[in-house]
Amino acid sequence: MVNHRHKRLSKTKEPDMDEIRKDLPAMVEKMPAFSQSVHRVIQLTSDINSDPKALVEVIQHDPILMMRILKLVNSPYFGLAQKISSINHAVVYIGINTVKNLALSTAVIGVLPSTNAAGFDMDGFLRHSLSTAIITRILARKSGVQERDIFDFFLSGLLHDFGKIVFAHFLPHEFKKALTLAKDEGIHLYEAEQKIFTADHTQIGSLLGEKWNLPLHLVACLREHHSHDQEGSLMIDAVSAANQISKELKLGYSGENIIEILPTRITDLLGADMAAIIASLGDISAEMEKAMIFIKHD
Amino acid sequence: MRYGGNTTCIEVETDDGQTIILDAGTGIHPLAQSLLKKLPLSCSIFLTHTHWDHIQGLPFFIPIFIPLNNIRIYGAFDPVLQRDIRDVLSRQMEYCYFPIREAELKADMQYSSLTEGQTLEIGSAKVTNIVMNHTVINFGYRIECNGKSVFFTGDNEALYNIYQPGDDYYEEYERLIVQKNTLLADFISGVDVLIADSAYTEQEYQSKKGWGHGTYDKCITMAKEVGAKALYFTHHEPQRSDDELDKMQDHLRKRFLNSTTAFSFCMASEGLEIVV
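Residues numbered from 1 in each chain as written. Chains lettered and ligands numbered in written order. Predicted model: local features only at pLDDT ≥ 70, side-chain atom pairs only at ≥ 80, totals over all residues. Heavy atoms only, no water.

Caption draft 1: Just the pattern of salt bridges, in detail. All names here are of chain B. Here the structure, examined in full by the defined rule, presents 19 salt bridges over all chains. Of the charged contacts in the structure, one is a salt bridge between aspartate 192 and lysine 229, with a shortest N-O distance of 3.5 Å. Taken together, the positions of aspartate 192 in the loop between α4 (170-188) and β10 (193-197) and lysine 229 in the loop between α6 (216-226) and β11 (230-234) put the pair 37 residues apart, joining distant regions of the chain. Judged by relative accessible area, which is 15%, aspartate 192 ranks as buried. What makes lysine 229 partly exposed here is its relative accessible area of 45%. Three or more residues joined by partner-sharing salt bridges are found here, namely Arg2, Asp243 and Asp246. (Salt bridge = Lys/Arg side-chain N within 4 Å of Asp/Glu carboxyl O. Helix = DSSP H or I, 4+ residues; strand = E, 2+ residues; numbered from the N terminus. Buried < 20%, exposed > 50% of the residue type's maximum accessible area, 1.4 Å probe, protein only.)

Caption draft 2: Just the interface of chain B and chain A, in detail. Across the boundary between the two partners, chain B contributes 28 residues, which contact 28 residues of chain A. Both sides together, the interface formed by chain B and chain A hides about 2400 Å², and carbon and sulfur atoms give 60% of it. Counting every contact that joins chain B to chain A gives 1 salt bridge. Here lysine 53 of chain A makes a salt bridge to aspartate 167 of chain B, at a shortest N to O gap of 3.4 Å. (Contact = heavy atoms within 4.5 Å. Buried area = accessible area lost by both parts, 1.4 Å probe.)

Caption draft 3: The arrangement of empty space enclosed by the protein in detail. Under the counting rule described, the total for this entry stands at 3 cavities of 30 Å³ or more. Here the largest cavity defines a volume of roughly 150 Å³. What lines the largest cavity is a set of 15 residues, among which Gly95 and Ile96 of chain A together with Asn133, Glu157 and Tyr160 of chain B lie closest to the centre. Mapped onto the lining of the largest cavity, the elements with two or more residues apiece are α6 (87-94) and α7 (96-109) of chain A. Each residue belonging to the lining of the largest cavity can be placed in one class, and the counts come to 7 nonpolar, 7 polar and 1 charged. (1 Å grid on protein atoms, 1.4 Å probe; cavity = no way out; pocket = protein on both sides within 12 Å on 5 of 7 lines; lining within 4 Å. Points joined across faces, edges and corners; volume = space filled by probe spheres on them. Nonpolar A, V, L, I, M, F, W, Y, C, P; charged D, E, K, R; others polar.)

As C-alpha cells, this is what we get:
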C-alpha cells in the first residue's frame, strides 16, 4: 500500500510534552546504555597509534562485547583450528588489527537489545533496522556523501526506530494495542502510538538518543524520519527513503504497514523513482544475511 | 635490476606437473608468459591474504581471459565484512578499477574460502594452511609432495607481548604466545624450503612494530627452530636497493653461518628457480 506522506501529528498539534516527560523518560532511563565501551572502541579504532592493551581492556570490561567477539571468532565463518578462549588469545591468534575491526563492527551493532517483548517480532525488527541501515549507506554513497561520514548514515538507519523498542520493552501490552490499531484502521504506527501513549516512537527514540549522547544530527534522524520538513538534513531524507525501501522489499518488519513516497530530495539527487532506486541497489538480502551474524541472539 | 620489483607471486610445480601459485601480486604477470606455453592451463592459486600487493596481478593474469583454462582460487573468508573470497576479489574488477568484470572472464574460474588447517589435494601434492600474524587474516601455506615440502609465510610478524613485565596479563599473554609458536613450529617442522617475510632489520623494526612484517633475525630464528633446510628472505623493503640487499646478505651470513649451521639462506629474487 502506497500512501502520500502524512504530516506527523506532532507537527500539527504539539503533544503535551510535560505529560510524556513524566512517564516515558523513566523508561528511557532504564534502557541499556549506549555504553562507554562503544564510545571508547570508536575512539580507539579511530587512532592508528592506539595501544592494543587499551582496546583489550575496553573489550574485557564489557562482557556483552567480549562474548560477541569470542562468538564471532569461534564461528564456522572464521574457521579457526583452535578454540579461542579470551580476548588476549584472539589478539595472539588473529592479530590486533582484525580484533580491532571486529570490535568496531560488533560494538555498534551490539547496542541492539535482545529483549523479546510480547507480540513484537524482534527478529523482524532487527532485520528492518539492519536493512534500513544498509540501504541508507548505499543511498548516502550514491548521493556523494564523503566516506568519512558514511558510518553515521549507517548508524542513523540502524537506530531510527529505536523508540519502538522502548515501548515494546516497557509497555508490551499497550504497544501490541498500537500495532493492532495501526493495522485495523490503516493508519501509521506513529499515529496509533500517539493515540495510545500520547507520544510516538520518534519522540521516545530521540530522548533515547539524547541519553546516549549521540551526535545531534543522529538524534534528529530518530526524531524526524517521519517528518517532511524541506529544511531537514540529507541524512534524515536518506533514512526516511531507506525506511520505505526496506518496507517495500519486505526486509524485516517493524510494525509499520504504510509505505510512503520517497523524499523528493532523494529522488531528485539520484534521478530515479523507488523502482529504479531498488533496481540499482544490488543484492541487499545477501548483504543482510552476512551482517545478521553480528546481531543474532542465541 | 637483480632482485626485481614485482610484488609477491611464487609458482610451485609439483613432480606430476601440477601448477600451484602462491599469491597473485604483480609477479603473476611475468609468470603468465611462461604458463601460456601450457594451454589449456589448469592451476590452483592460494592467496595468503588479500592486501593489494598479493592480489594486484590477478586482473592482469592473461590465462583468466582464455577459454578452456581452469583456474581455482583459494583464500580466507573476510570475517569483518563477512565476504567470501570471490566477493573480495570481484571488487577489484569493478567498473572504477578495471574494464572487465569478473563475470566476463573466459576461463573456468572457481573460488573457495578456506578454513584453517583445511587440506587440499592437488594431484600428488597436499596443501594446508595455518593462520599467521598479520594485520588481516593471513594463511601460511605448506605444500607437501613425495616427501618434499615448501612453506610460505605470506606476510608475518613474530608475536610479541603487548603487556609489560609486571602487568596483570603479561604472563597469560606470554603463555598464549608460546602456545601459538609451538603450533606454528610443529606445522612448519622439517620443511625443505622456508620462504619468509623479512621486510626489516631489527633496527628498522623498532618503528614498525605492529605493521605485520618480519625481520631477518627472527626469520633465521624460525628456520633454526623448525629445522628448515633452506630459508629464502622475501617481501624486501621497497626502499632497499639491490646493492643493499647484497650487503645485507653478506652481513647475515657472517653473523649466522658457520660450519655447524644446518641450513642455508639467501635473498629471494625475481625469476629464481629452486629444485627440491
